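# Structural overview
Next come the chains, spelled out residue by residue.
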Protein chains: 2
Amino acid sequence: MKYGHFDDKQREYIIETPKTPLPWINYLGTEKMFGLISNTAGGYNFYRDARLRRITRYRYNNVPRDLGGRYFYLKENDKIWSPSWQPVKTELDSYKCRHGLGYTIIESEKDKISANLLFFIPIDENIEIRKVSLTNNSKETRSLKLFSFVEFCLWDALDDFTDFQRNLNCAEAEVVGSTIYHTTEYRERRNHYAYYTVNTPCSSIDTDRDAFLGNYNGFDTPDAVINGECSNSMVSGWSPIASHCINIELAPGESKELVFLLGYVENPKEKKFAKSGVINKKTAERQIAQYANTESVNKALNELKTYWDKILLPFQIECEDAKLARMVNIWNPYQCMVTFNLSRSASYFESGIGRGMGFRDSNQDLLGFVHQIPERARERILDIAATQLRDGGAYHQYQPLTKRGNPDAGDNFNDDPQWLILAVGAYIRETGDLAILNEKVPYENIEEFSESLLDHLFRAHNFTLNNLGPHNLPLIGRADWNDCLNLNCFSEEPGESFQTTANKGDGKTAESLMIAGLFMYAAKEFEAMLKTIDKPKDAEKINNAAEEMRKNVNLHGKDKEWFIRAYDAFGKKISSSENDEGKI
Amino acid sequence: MKYGHFDDKQREYIIETPKTPLPWINYLGTEKMFGLISNTAGGYNFYRDARLRRITRYRYNNVPRDLGGRYFYLKENDKIWSPSWQPVKTELDSYKCRHGLGYTIIESEKDKISANLLFFIPIDENIEIRKVSLTNNSKETRSLKLFSFVEFCLWDALDDFTDFQRNLNCAEAEVVGSTIYHTTEYRERRNHYAYYTVNTPCSSIDTDRDAFLGNYNGFDTPDAVINGECSNSMVSGWSPIASHCINIELAPGESKELVFLLGYVENPKEKKFAKSGVINKKTAERQIAQYANTESVNKALNELKTYWDKILLPFQIECEDAKLARMVNIWNPYQCMVTFNLSRSASYFESGIGRGMGFRDSNQDLLGFVHQIPERARERILDIAATQLRDGGAYHQYQPLTKRGNPDAGDNFNDDPQWLILAVGAYIRETGDLAILNEKVPYENIEEFSESLLDHLFRAHNFTLNNLGPHNLPLIGRADWNDCLNLNCFSEEPGESFQTTANKGDGKTAESLMIAGLFMYAAKEFEAMLKTIDKPKDAEKINNAAEEMRKNVNLHGKDKEWFIRAYDAFGKKISSSENDEGKI
């Protein structure tokens, strides 16, 4: 079955039915605010960290699937429909979803009213813009009611659906005109709030989920929509939402455009309040004023397109195979940027709660985007290195908001440190920025433990040498790149994570051939790096260490032959990127 | 508004509409398997621990609310309805929910087909029985299709909705006749499985949620029900469910009864398999055979009623105030048993994930049920005491499955230890079982740290004395009974739990008057206990310690007067339960 097609000129994938086998999603956002959006407008937003700063609520693995999102309802007399099909699921006369680079457009028509929904997060702003364009293609004047809907999350996505004793008692909101401020916990210990607004007066609003939905109703049949009016509810505990009800009259052929903004604002602690009890809304008001007209929205969308031009155009291929060109020129680099932004911390199957960003993962991801955004790759390398442990090992994961190693996930994935060497090598080869090696970077995020990045690489290298097993091969620790090879921490008890369960024995037996190969591969990279910065003696030392591992390996016969063949193959791989002197 | 009424004779609360303002729930189970059930059959089951052994899936704070449960669908031609109203929500001609002691009955009628659903967990069996009785009250023969439905949880309720990378890849099931075995992870590291069965042949079954529901459908409109047949799907990953489709023909006036069982079975490790790859079903088969007929179901229900007679009848009052009698004779002792069984670890607002059972809570709860089930109160006391720390302090919470203190929640709630003294005192006063004081009980669940229970009480007493502040009053630690008084660990940072955030300062300043009063209260209890076991010197020591706190308190003027009045009042409270010699 075919559900859509690529539009290479627009750099879009066009989905032709809302009823895809699973939600087909896009990622919005380039800097700090992000969104996941499905082809039926499902998904959620967060600020930097999908666990700690979840802005809107989303229920994974729900029934029905993919419920919760950026919803709009249109009501005309007794007829109710959603331009994104969900959540009402009224059959549409036409439907298209266009997933582009950092934006998504959903176009649909029902009974000669056509809708165009544009979703994107502008460069450098913590807002998601939702432009709703409605056109009357009939010959009569049409009177519609448009309802918006978002459900707010109470910031920490894990608490939000485990700790109800607390979180059903704390929701708060403020309403000013058409702007609904989600201010839960702002009075107490948070210095951030969210808001949802529209650039037109509303006939009514709701901020309380139960008031909007009514008892036992789903998102498909809210009382407010069925009744044709919100009830101006003010949330106090329970579940905060934002819904606008707007009257729209369209003459034959007439179009109207509305701009909705979902914003996230942080204030400095000393400027949290405008006056006692009233939150400081300056940033929000500036944003609301700035995007009140569609020209500024279109301008922001153009800036987003220019941003992608800058990333993609320097590296384009032309070839006869349209699919190869499409992959190399558009979707692979786009995907690499998504991994840069979210690592694998949040997707439609990664709940954004469990893992934060991986040390190994982030170093690997960097290999894919280093040429696209070298400045940010630099920042990422320094962030990652700052979570490294003083013995050269690494926390396996870190939380993107705090940039701290995640003690819940543990350390001792013994391949981790080597990936840092490879990431730094790739970065230097791309940029020539050798100065990065002199940057002072903390260990364990503790400033007084700061040393040069070069020192971090030496410790990464030595970590492997300091952790050899009975065959003089690297000890595996909890696991190597094959996360499932848990020789020391395999557990027969249910519920014990291999990431955190106590190791069996002393961990001095199980070795990893994969880490040996990786060590060789990284040693060659490191050696070339050291030659380039004129440290020939250090380069020699690294080279010797790699040679010694080959020499000292405690294997015999065929085993040894096989090992040496593989080990040397790893050592040769890197040479294709060296120049004649073996420098980067 | 009135939604129901009490039936004192049947010891039931009768709910007269499915559309209560919130789900009104009952608790099933008396020993190890438990269930929460709402008046529309929503809720879930677990074995001992709502986090670690969740049997069926339930989504808290969902939209629509209270979705997921023990569902039945009736289909007659194109008409579909649920006898419990949810999930189909077809208007019923009549509806009643009877929440009784450990059982719930839902009776409804639609177009002259009446349904009676009985839900309960028999004493000493890890099964939930669901008896479905259907009666044709019309004058025509009626042909119906009955569908059952449960959705299985992948055992660990937290992982189940956070770790999809893993849990969407592991579901497994086995089907034998009308029995659907949920065997996920059994092959690997679990020795337990669940099953759902019915005592009649099925026309078809489903084990895969997507196959049963179809794409994007809710529980209200499953494809299988709409199509009139399950598709005999075999789950492999994704979401395991169990659904039976049964053809039922009813002559005018005819009734039919079906017995569904949701079972949980643990096998010894060495007897996990009947033969390679085939799970050992002996226990399940015994249960299925035993409850295949309605007589044995009725017998088990009668045993449950006898069980409640035994608990309630020894302590009954007669009085003119029917409401007082109702509370004292039925619902208060019932509620006390619920807190015994579940502490506050699982309810419709406690997700069963966050906290396990509280040290303070469980000791307090015990005061309410000690006269009802003294043997089990004894066991509970020993379980709680075994989580006590060696300095006399306590883990604040423990996990009911493992009976281990929960390091996630921390310790240092400085009132905790005193509650153990009060619980033991209440138990001894009720039973005269002084031998419990000689029971060897571990500290920190470590056998080699075992001492007598009496030693535990001394350490609890001394814990307070060893932790006095500048006014010679007890230090508060993280909090006292007022969990919100977090003087040492109040955090200005969002996301830091008061239970686990690092304490500010050395914790040597903030004191708790409440703990001082509690200390006095418990000291009097302890003193009486020591007199009773003929340890007058120890009794005097305890008494002196309580007197000294009064004497040494570093307060002045009105503060001191007030303190002494309150402190002495605590000391007098206990005396009403003493005999003339001040013994228990």
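What you see is a predicted model; the values in this text were computed from it and never measured. (Residues numbered from 1 in each chain as written. Chains lettered and ligands numbered in written order. Predicted model: local features only at pLDDT ≥ 70, side-chain atom pairs only at ≥ 80, totals over all residues. Heavy atoms only, no water.)

## Some points on the overall build of chain A
A tally of helices and strands in chain A yields 14 helices and 26 strands. Expected size for 584 residues packed as a compact globule is a radius of gyration near 25 Å; at 27 Å, chain A falls within 12% of this value. In terms of overall dimensions, chain A has C-alpha extents of about 85 × 60 × 45 Å along its principal axes. Carbon together with sulfur atoms contributes 49% to the accessible area of chain A, which is approximately 23,300 Å² in total. Across chain A, 71 positive and 84 negative side-chain charges occur, with their mean positions spaced 1 Å apart. (Helix = DSSP H or I, 4+ residues; strand = E, 2+ residues; numbered from the N terminus. Rg over C-alpha atoms; globule rule 2.2 N^0.38 Å. Areas by Shrake-Rupley, 256 points an atom, 1.4 Å probe, with all protein chains shown as cover. Lys, Arg positive; Asp, Glu negative; His and termini not counted. Charge placed at Lys NZ, Arg CZ, Asp CG, Glu CD.)

## Looking at the side chain of Asp160(B)
All names here are of chain B. If you trace the backbone, Asp160 turns up in helix α1 (residues 157-160). At 3.1 Å, the side chain of Asp160 and the backbone nitrogen of Leu154 are in polar contact. When sequence neighbours within four positions are dropped, the list of residues in contact with Asp160 reads Arg57, Cys153, Leu154 and Asn167. (Polar contact = N/O pair within 3.5 Å; in protein donor to acceptor, adjacent residues only side chain to side chain. Contact = heavy atoms within 4.5 Å.)

## Comments concerning the state of the cysteines
In protein structure, a disulfide is the covalent linkage between the sulfur atoms of two cysteines. For the structure on display, the rule yields zero disulfides over all chains. No disulfide involves Cys153(A); its sulfur sits 11 Å from the nearest other cysteine sulfur, which is in Cys170(A). This cysteine, Cys202(B), is not joined by any disulfide, and Cys245(B) carries the nearest cysteine sulfur, 7.9 Å off. (Disulfide = S-S within 2.5 Å.)

## Observations regarding the pattern of salt bridges
Under the defined criterion, the tally for this structure stands at 78 salt bridges over all chains. Across the pair Glu125(A) and Arg286(A) runs a salt bridge whose closest N-O atoms are separated by 2.7 Å. With Glu125(A) in the loop between β11 (113-120) and β12 (127-136) and Arg286(A) in helix α5 (residues 282-290), this pair connects stretches of sequence that are 161 residues apart. Under the relative-accessibility criterion, Glu125(A) is labelled buried at 10%. Residue Arg286(A) is classed as partly exposed on the basis of its relative accessible area, which comes to 41%. The salt bridge involving Arg378(B) is made with Glu439(B); its shortest N-O contact spans 3.0 Å. Placement of Arg378(B) in helix α9 (residues 374-385) and of Glu439(B) in the loop between α10 (416-431) and β25 (440-443) is noted, with a sequence separation of 61 residues between them. Take Glu439(B): its relative accessible area is 28%, and that puts it in the partly exposed class. (Salt bridge = Lys/Arg side-chain N within 4 Å of Asp/Glu carboxyl O. Buried < 20%, exposed > 50% of the residue type's maximum accessible area, 1.4 Å probe, protein only.)

## Focus on the relation of the copies chain A and chain B
Rotating chain A by 180° and moving it 0.1 Å along the rotation axis overlays it on chain B with an RMSD of 0.0 Å. Expressed as an axis order, the relation between the two copies is that of a two-fold axis. Most of the interface of chain A is mirrored in chain B: 100% of its interface residues are interface residues there too. (Least-squares fit on C-alpha atoms with pLDDT ≥ 70 in both.)

## As for the packing of aromatic side chains
The description of an aromatic ring pair rests on the distance of the ring centres and on the angle between the ring planes. Applying the stated criterion across every chain, the model contains 65 aromatic pairs over all chains. Seen in terms of ring centroids, Tyr181(A) and Tyr195(A) are 6.0 Å apart; in terms of plane orientation they differ by 50°. Their pairing is tilted. Of the two residues, Tyr181(A) sits in strand β15 (residues 179-182) while Tyr195(A) sits in strand β16 (residues 192-198), which places them 14 residues apart along the sequence. For the pair shown, Tyr181(A) and Tyr195(A) are each scored as buried. Taking 6.2 Å as the distance between ring centres and 40° as the angle between the ring planes, the aromatic pair formed by Tyr44(B) and Phe46(B) counts as tilted. Neither Tyr44(B) nor Phe46(B) differs from the other in exposure class; each is buried. Joined through ring pairs, the aromatic side chains of Tyr3(A), Phe6(A), Tyr13(A), Trp24(A), Tyr307(A), Trp308(A), Trp331(A) and Tyr334(A) make up one cluster. (Phe/Tyr/Trp six-rings, centres within 6.5 Å; stacked < 30°, edge-to-face > 60°.)

## As for the sheet that holds strand β2 (residues 12-15) of chain A
All names here are of chain A. Taken together, the 10 strands give an open sheet; going across it, the order is β1-β2-β9-β10-β11-β12-β19-β16-β15-β14, and neighbouring strands pair in antiparallel fashion. Two strands close off the open sheet at either side, each with one partner strand: β1 (4-7) and β14 (173-176). Sheet twist, expressed as the average angle between the axes of neighbouring strands with direction ignored, equals 15°. Here strand β9 (residues 94-99) runs beside strand β10 (residues 103-110); their pairing, made up of six bridges, is antiparallel. By the bridge assignment, Tyr95 is partnered in β10 with Ser108. (Pairing = 2+ DSSP bridges. Axes fitted to C-alpha atoms, helices over the stretch in contact; angles between N-to-C directions.)

## Things to note about unusual backbone geometry
Geometrically, the link from Gln86(A) to Pro87(A) is a cis peptide bond, its omega value of 0° lying close to zero. Residue position: Pro87(A) is located in the loop between β8 (79-81) and β9. The phi dihedral of Lys112(A) is positive, around 70°, even though this residue is not glycine. Assignment of secondary structure puts Lys112(A) in the loop between β10 and β11. By relative accessible area, which is 46% here, Lys112(A) ends up partly exposed. Although it is not a glycine, Asn412(B) adopts a positive phi angle of roughly 75°. Tracing the sequence through the fold places Asn412(B) in the loop between β24 (404-405) and α10.

## A few points about the confidence of the model for chain A
All names here are of chain A. The predicted model of chain A averages 93 in pLDDT, with 96% of residues at 70 or higher. Note on residues 574-580: pLDDT is under 50 here. Beyond four places in sequence and across chains, it has 10 contacts. Predicted complex metrics record ipTM = 0.91 and pTM = 0.93. (pLDDT = per-residue confidence, 0-100.)

## A word on the pairing of strand β14 (residues 173-176) of chain B
Residues and elements named next belong to chain B. Pairing of β14 with strand β15 (residues 179-182) involves four bridges; the strand directions are antiparallel. Note that in β15 the partner of Val176 across the bridge is Thr179. Counted along the chain from β14 to the antiparallel partner β15, the turn is two residues long, and its residue Gly177 has a positive phi close to 60°.

## A short note on the pairing of strand β1 (residues 4-7) of chain B
Residues and elements named next belong to chain B. Relative to strand β2 (residues 12-15), β1 is paired through four bridges, and the arrangement is antiparallel. Bridge assignment links His5 to a residue of β2, and that residue is Ile14. From the end of β1 to the start of β2, which pair antiparallel, there are four residues, and Arg11 there has a positive phi angle of about 55°.

## Comments concerning the environment of Glu379(B)
You can see Glu379(B) is positioned in helix α9. For the pair Glu379(B) and Ile436(B), spaced 57 residues apart in sequence, the C-alpha separation works out to 9.9 Å.

## Things to note about helix α6 (residues 294-312) of chain B
End to end, α6(B) covers 27 Å across 19 residues, agreeing with the expected 27 Å (1.5 Å per residue, within 8%). Listing the buried residues of α6(B) in full gives Thr294(B), Ser296(B), Val297(B), Ala300(B), Leu301(B), Leu304(B), Tyr307(B), Trp308(B), Ile311(B) and Leu312(B). (Expected span 1.5 Å × (residues − 1).)

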